[in-house]
Amino acid sequence: MGAIEVRGLVREFKKGPRAVDGIDITVAEGEIYGFLGPNGAGKSTTVLMLTTLLPPTAGTATVAGFDIVKQGAEVRGAIGAALQEAALDKFLTGREHIKLQGSLHGMKGAELKRRGDDLLERVGLTDAADRKVGGYSGGMKRRLDLALALLHNPRVLFLDEPTTGLDPQSRTALWDEVARLAREDGVTVFLTTQYLEEADALANRVGIIDHGHIVIEGTPAELKASVGRSSVEIEPHDAARLGDLERTLAAFGTPLTMRGTSASIRLNEGVSDVAAIVRALDAEGIGIHQLRLREPTLDDVFLEQTGRSLEGSGDDEDAAE
Amino acid sequence: MTGFPTWWSGVSGIAARQTRAFFTNPALIIPGLLFPMLFFAAFAGGLSDLTRVPGFDYAPGYTSFQYVFVLFQSSMFGGIFIGFAVARDFENGFARRLMLATPHRSAILFGYAAAAMIRAAFTIVFVTVIALIAGLDILGSPGQIALLYVLALASNILGSLWALGIAFRFQSLSVTPFMQIPLFILLFLAPVYVPLQLLSGWIRHVADVNPATFLLEGGRALLAGSAGPVLAAWLVVIIGGIVLGIWSLTGLRAAETR
Ligand SMILES: Nc1ncnc2c1ncn2[C@@H]1O[C@H](COP(=O)(O)OP(=O)(O)OP(=O)(O)O)[C@@H](O)[C@H]1O
Ligand SMILES: [Mg+2]
């Protein structure tokens with residue numbers, strides 16, 4: 001049995017949309033599952049249901065083997081979660097949060113202190129631990145939230161857009177930490193994100209959700225392979241030969257809209273075409289200033305599945321539709 | 001890790017947080033103390049001539065008569081204030097952490113209620129010291145006085161359960177008036193300034209069936225060491241505890257299933 005099993009899960013808000021509209025997900029133990037989707041897709045609603053904070057309208061789900069509706073207490077004992085909006089009390093210090101969180105999970109004394117200090121250290125908050133959270137930066141709050149989620153060694157970890165608002169350095173650090181948790185401690189991670197690179201870098205498997213439906217699911221490589229081929233972008237030495245370049249390239253694939261001084265095509269065959277292209281250009285006497293090979297991205301997957309681009313799609317655009 | 005020790009640990013963790021917040025925040029402590037003190041000064045000082053009204057027969061005197069009122073009033077409002085804290089926790093999202101990390105969520109309810117009780121105990125001590133300075137006369141036996149304070153703390157629990165039921169349901173500070181107003185009305189329609197038998201007209205009819213009357217009269221009887229309507233006071237506590245216990249637990253369920 002998977003660490004997370006979701007069957008036909010639905011959540012309909014009373015005066016709102018069917019935010020989650022019958023999703024099925026299976027996440028294996030120790031797996032990092034990336035839940036990718038634009039604003040308003042239903043990611044947080046799914047997380048709230050799986051973490052027992054919101055009852056589903058229909059469908060079933062088990063987390064760590066426990067039913068989210070009938071065995072809420074057991075689920076809560078087995079999971080940790082850092083939600084989209086970190087639930088912190090600005091009048092408490094970081095360490096006081098640790099103490100409270102520990103007591104909620106029945107931890108105390110030396111064990112709690114050691115674990116708390118260790119986690120504060122790991123998220124880089126040792127120096128700020130005795131300051132009130134009201135004075136923390138957004139990134140510090142997120143890191144404290146993560147430490148709190150990990151305090152009781154949960155078997156399943158839910159992270160709802162954990163890197164939003166983090167600087168690149170903290171983001172990388174968090175990725176490393178999440179990867180380590182899954183690899184070394186066997187923690188199952190359910191991670192929502194709007195960032196393709198995040199899902200790509202971190203997730204063993206990705207589900208793309210849009211308007212409450214999972215539109216496609218698979219490993220990042222599978223998904224990218226499903227949209228198929230790589231593309232190549234070439235900038236000529238001599239900008240005047242751009243037209244010749246385009247004509248030559250056309251033999252190797254479908255031209256793509258290009259930016260200014262370069263031409264690009266979606267390759268017919270794949271990377272193996274590149275050698276032939278270089279030879280052809282050489283024969284034409286077109287010097288290559290720069291050549292970029294582009295693998296398909298998850299954005300291409302999303303585009304293919306929904307007809308929209310993931311970056312910058314979502315509620316705002318929906319409203320304009 | 002979801003058994004009783006975890007539950008209890010959660011209760012004490014939540015109570016400790018609220019208690020720490022209370023004792024480290026003068027803006028919370030001072031009104032809670034000033035309020036009963038002003039009440040006390042105004043009534044016991046200004047109205048003590050009431051004892052000369054024919055029929056006023058409270059042996060320990062007017063200060064003691066008022067002391068019981070201030071005791072119950074501040075205990076109950078101590079319960080109301082915890083409702084404010086819960087509403088605030090829901091409004092700013094912190095309650096989600098509690099809901100998420102607490103396996104058995106009744107620990108949340110009990111934790112807040114325990115914090116309210118600790119706070120009420122502190123207020124009771126304070127009010128009592130002031131009253132002693134102002135000439136509080138205690139005629140009841142030590143056992144009766146102990147029961148008086150148990151009754152006061154029990155009424156604090158009633159206030160907490162009432163306010164928690166509202167806070168869990170509405171999760172917003174905008175409904176805090178609904179926590180306070182019914183209590184104000186109950187206390188207003190009870191024999192606050194004079195004993196029940198000196199009330200007349202419609203207010204007497206209301207006071208006759210007002211649960212707050214039974215608490216006050218019972219408390220006053222205990223303080224005076226007389227065999228007053230103490231049983232009725234305990235009945236109010238027990239029945240009120242059951243009704244408001246259900247009210248707050250169903251409120252918690254409502255918060256879980258929003
Ligand atoms: N409490 C609520 N009441 C009514 N509608 C809601 C509620 N919460 C969410 N919704 C709606 O449900 C849909 C899905 O919201 P959700 O928060 O799950 O999206 P999301 O994928 O997490 O988006 P984001 O990337 O912006 O966090 C949205 O249309 C949202 O407006
Ligand atoms: Mg969200």
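Residues numbered from 1 in each chain as written. Chains lettered and ligands numbered in written order. Predicted model: local features only at pLDDT ≥ 70, side-chain atom pairs only at ≥ 80, totals over all residues. Heavy atoms only, no water.

1. As for the coordination of the magnesium ion (ligand 2)
All names here are of chain A. Distances from the magnesium ion (ligand 2) to its protein donors, Ser44 (OG) and Gln84 (OE1), fall within 1.9 to 2.1 Å. In this pair, Ser44 is assigned in helix α1 (residues 43-50) and Gln84 in the loop between β6 (79-82) and α3 (94-104), connecting sequence segments 40 residues apart. Classification of Gln84 as partly exposed rests on a relative accessible area of 31%. (Donors = N, O, S within 2.8 Å, 3.2 Å for Na, K, Ca; no water. Helix = DSSP H or I, 4+ residues; strand = E, 2+ residues; numbered from the N terminus. Buried < 20%, exposed > 50% of the residue type's maximum accessible area, 1.4 Å probe, protein only.)

2. Section: the site of ligand 1
All names here are of chain A. In the vicinity of ligand 1, 14 residues are found, and the nearest of them are Gly40, Lys43, Ser44, Thr45 and Gln84. The side chain of Thr45 places a nitrogen or oxygen atom 2.5 Å from an oxygen atom of ligand 1. Within the contact set of ligand 1, an oxygen atom lies 3.2 Å away from a side-chain nitrogen or oxygen of Gln194. The protein chains hide 66% of the 640 Å² of surface that ligand 1 would expose on its own. Of the residues forming the shell around ligand 1, the biggest block, three residues, is contributed by α1. For the shell around ligand 1, the residue count by class is five nonpolar, seven polar and two charged. (Near = heavy atom within 4 Å. Polar contact = N/O pair within 3.5 Å; in protein donor to acceptor, adjacent residues only side chain to side chain. Areas by Shrake-Rupley, 256 points an atom, 1.4 Å probe, with all protein chains shown as cover. Nonpolar A, V, L, I, M, F, W, Y, C, P; charged D, E, K, R; others polar.)

3. A closer look at the side chain of A:Thr188
All names here are of chain A. With respect to the helices and strands, the residue Thr188 is situated in strand β8 (residues 188-193). Residue class for Thr188 comes out buried when judged on its relative accessible area of 0%. Sequence-distant contacts of Thr188, defined by excluding residues within four places in its chain, comprise Ala3, Val27, Ala28, Glu29, Gly30, Glu31, Arg155, Val156 and Leu157. (Contact = heavy atoms within 4.5 Å.)

4. Side note on helix α7 (residues 176-188) of chain B
Residues and elements named next belong to chain B. End to end, α7 covers 18 Å across 13 residues, agreeing with the expected 18 Å (1.5 Å per residue, within 8%). Among the residues making up α7, those that are buried are Thr176, Met179, Leu183 and Leu187. Across the axial projection of α7, the buried residues extend over an arc of 70°, all falling on one side. Facing away from the buried side of α7, by more than 90 degrees, are the exposed residues Phe178 and Phe188. Close packing links the buried residues of α7 with α3 (62-91), α6 (142-170) and α9 (211-224). (Expected span 1.5 Å × (residues − 1). Arc of directions from axis to C-beta.)

5. So, the confidence of the model for chain B
Per-residue pLDDT for chain B averages 89, and the proportion of residues at 70 or more is 95%. With a pTM of 0.86, the predicted complex shows an ipTM of 0.88. (pLDDT = per-residue confidence, 0-100.)

6. A short note on the packing of aromatic side chains
All names here are of chain A. For the coordinates displayed, the defined rule picks out 16 aromatic pairs over all chains. Relative to Phe190, the ring of Tyr33 has its centre 5.6 Å away and its plane inclined at 15°; by these criteria the two rings are stacked. In this pair, Tyr33 is assigned in strand β3 (residues 32-36) and Phe190 in strand β8, connecting sequence segments 157 residues apart. Of the two residues, Tyr33 and Phe190, both sit in the buried class. A relative accessible area of 0% means that Phe190 is categorised as buried. Among the aromatic residues, those joined into a cluster by ring pairs are Tyr33, Phe35, Phe158 and Phe190. Over the face of the ring belonging to Tyr195 we find Arg171, whose NZ or CZ atom lies 4.5 Å from the ring centre. (Phe/Tyr/Trp six-rings, centres within 6.5 Å; stacked < 30°, edge-to-face > 60°. Lys NZ or Arg CZ within 6 Å of the ring centre and 35° of its normal.)

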